[in-house]
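Observations on the model geometry
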Amino acid sequence: MSNMHNPPHSGEVLREYLPEGVSIGEVAKRLGVTRQALSALLNGRAGVSAPVALRLEGALGASAEIWLNMQTNHDRWRARKRPPRVQRMSASNGAA
């Protein structure tokens, strides 16, 4: 699987699915989440969790896996921009 260049945050894509003229508060109510939680997702301050992915699947028809994979791809891309420094382990230095 090839890596995408700057894959979109799931909230960015979710914005495209929302019906025009419906407030964030109304969408949040329909999804069963708080307006603050939905706003954080839409603005990239929070990611899609498994429960939210299931709610989106039920409300919009796009599978939970699509939402979770989208979020994972975005998170992994961001993490690769600032990889953690770790010490490589091998079987000879105690790794099981």
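Below: a short report on this structure. Counting restarts for each chain, with residues numbered from 1 along the sequence as it is written. With pLDDT at 70 or above as the cut-off, local features in this predicted model cover only qualifying residues; side-chain atom pairs require 80 or more to be listed or tallied, and sums for whole chains, interfaces and linings still use all residues. The basis for every side-chain value is the complete set of heavy atoms in the structure, and neither hydrogens nor water enter the calculation.

Things to note about the overall build of the protein
The secondary structure content of the protein amounts to five helices and zero strands. Listed N to C, the secondary structure of the protein is α-α-α-α-α in terms of helices and strands. In terms of overall dimensions, the protein is more spread out than a globule: its C-alpha atoms have a radius of gyration of 17 Å, far above the 12 Å expected for 96 residues. A burial count over the protein gives 25% of its 96 residues as buried. Long-range contacts, defined here as pairs at least 24 residues apart, represent 54% of the contacts in the protein between residues at least 6 apart. All accessible-area figures derive from a Shrake-Rupley calculation using a 1.4 Å probe, and residue coverage is judged against the displayed protein chains alone. Total accessible area on the protein is roughly 7100 Å²; 51% of this is exposed by carbon and sulfur atoms. Measuring between centres, the 13 positive side-chain charges of the protein sit 13 Å from its 7 negative side-chain charges. Helix and strand assignments come from DSSP, with helices taken as H or I runs of at least 4 residues and strands as E runs of at least 2, each series counted from the N terminus. For the radius of gyration, the atoms used are the C-alpha atoms, and the globule rule reads 2.2 Å times the number of residues raised to 0.38. Per-residue accessibility, obtained with a 1.4 Å probe over protein chains only, is compared with the maximum for each type, and a residue is labelled buried under 20%, exposed over 50%, and partly exposed between these values. We call two residues in contact when some of their heavy atoms are within 4.5 Å. For the purpose of counting charges, residues Lys and Arg are taken to be positive, whereas Asp and Glu are taken to be negative. His and the chain ends are not included. Taken as the charge location is NZ of Lys, CZ of Arg, CG of Asp or CD of Glu.

Regarding unusual backbone geometry
In this structure, N6 is a non-glycine residue whose phi angle is positive, near 50°. Assignment of secondary structure puts N6 in the segment before α1 (10-17).

Considering the nonpolar core
We define a nonpolar core as any set of buried Ala, Val, Leu, Ile, Met, Phe, Trp, Tyr and Cys residues linked to one another through side-chain atoms lying within 4.5 Å. By size, the foremost hydrophobic cluster in this structure holds 15 residues, and its most contacted members are L14, L31, L38, V48, A53, L56 and W67. Of all elements in the fold, only α1, α2 (24-31), α3 (35-42), α4 (50-60) and α5 (64-81) reach the threshold of two or more residues within this core. Here W67 is in contact with S10, V13, L14, Y17, V48, A53, L56, L60 and A62, once residues within four sequence places are set aside.

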